[in-house]
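Listed below, chain by chain, are the residues.
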Amino acid sequence: MPDPLILYDKPIDGVASITLNRPEALNAINMAMRDDLWTFVQAALIDPDVRVLIFRGEGPRAFSAGADISEFGSAPSLHESREARRQRDLWALLEDLPIPTIAALHGFCFGAGIELPLYCDLRIAANNTQIGLPEVSLGYIPSAGGTQLIPRIAPPAAARGLILSGDPIDAQQSLQWGIVHRVVPADDLDGTVFAVAQQLAQADPELISAVKRSIRRGLDLPMSAAIGQDTLTARRLSHTLTDC
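Enquirer: Describe the environment of His181, with residues and values.
Expert: Here His181 is to be found in the loop between α8 (171-176) and β10 (182-184). Counting along the chain gives 60 residues from His181 to Asp121, while the straight-line C-alpha distance between them is 9.6 Å. Beyond its immediate stretch of four places on either side in the chain, His181 contacts Asp121, Leu122, Arg123 and Leu175.

Below, the structure written as structure tokens:
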């Protein structure tokens, strides 16, 4: 039997871990892996014991080198390809996930290998991490959200340069631009990620979900409307909040 493309386990109470498991291909995300990712994210979503979800990459060289370009153009038709993505939209699922998500980054994080982490709430990077969006230099667009997510996180001018040039940046530059939240020695990556996950798992899941929803919706609202939304949310959660 071939090795599973995705490893799923619960290393800590309240925490699930999804690991990309194609180290021989630098964890390039093929269609089968994307379908498995959708399945395991759904499994974590419906599991009442899972309060935090971690994404990791197997092997020492890469979190993920991106989409598996060997499959490009292999779908029976463009219509069928689009329909398959619509029915199992991994990116939309991650965007709306109510539980907190953490990406543990190391090595190459290119294309979809950084776009997936961009949907996560927290990104913690080993000091050997390399981040890049090489799609334009390969003749296509970063279609898993890179053109929209990076400019919402990094300074706009820096985001444009990263996307248009395709040149990778290192962990420290990613930290300066806000693409990752923390950089740690490679040997400390798992321990740091698990410690953060354990802390998040101890928080009230209803409160965490409400905060995530408020942040997501507020980005599309004027400031006054977003603050008004937060006031209503605080009232609904009054049993968990104390008066300021």
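On we go from here.
Enquirer: Run through the packing of aromatic side chains, naming residues and quoting values.
Expert: On inspection of all chains with the given rule, the structure shows three aromatic pairs. Seen in terms of ring centroids, Tyr8 and Phe40 are 5.3 Å apart; in terms of plane orientation they differ by 15 degrees. Their pairing is stacked. Linking Tyr8 in strand β1 (residues 6-12) with Phe40 in helix α1 (residues 31-46), this pair joins segments that are 32 residues apart in sequence. Seen in terms of ring centroids, Phe108 and Phe110 are 5.3 Å apart; in terms of plane orientation they differ by 35 degrees. Their pairing is tilted. Given the relative accessible area of 28%, Phe108 is considered partly exposed.

Enquirer: Tell me about the environment of Leu118, and please be specific about residues and values.
Expert: Structurally, the position occupied by Leu118 is in helix α4 (residues 112-118). Judged by its relative accessible area of 5%, Leu118 falls in the buried class. Sequence separation of Leu118 and Ala28 is 90 residues, and the distance between their C-alpha atoms is 17 Å. Filtering out sequence-adjacent residues up to four positions away, Leu118 remains in contact with Arg123, Leu149, Ile150, Ile153 and Ile179.

Enquirer: Break down helix α9 (residues 189-201) for me, citing the residues and quoting the values.
Expert: Spanning 13 residues, α9 covers 18 Å between terminal C-alpha atoms, matching the ideal 18 Å at 1.5 Å per step. Those residues of α9 not exposed but buried are Leu189, Thr192, Val193, Phe194, Val196, Ala197 and Ala201. Here the buried face of α9 lies against β1, β2 (15-20), β3 (52-57), β5 (101-105), β7 (122-126) and β10.

Enquirer: So what's going on with a nonpolar patch on the surface? Which residues, and what values?
Expert: A grouping of Val211, Ile215 and Leu219 is seen on the molecular surface, where their side chains present a nonpolar patch of about 310 Å² in accessible area. Its relative accessible area of 41% is what places Val211 among the partly exposed residues.

Rules of the game
- Residues numbered from 1 in each chain as written.
- Predicted model: local features only at pLDDT ≥ 70, side-chain atom pairs only at ≥ 80, totals over all residues.
- Heavy atoms only, no water.
- Helix = DSSP H or I, 4+ residues; strand = E, 2+ residues; numbered from the N terminus.
- Contact = heavy atoms within 4.5 Å.
- Phe/Tyr/Trp six-rings, centres within 6.5 Å; stacked < 30°, edge-to-face > 60°.
- Buried < 20%, exposed > 50% of the residue type's maximum accessible area, 1.4 Å probe, protein only.
- Expected span 1.5 Å × (residues − 1).
- Patch = residues over 30% accessible without salt bridge, like charges linked within 9 Å, V, L, I, M, F, W, Y side chains within 5 Å.
- Areas by Shrake-Rupley, 256 points an atom, 1.4 Å probe, with all protein chains shown as cover.
- Salt bridge = Lys/Arg side-chain N within 4 Å of Asp/Glu carboxyl O.

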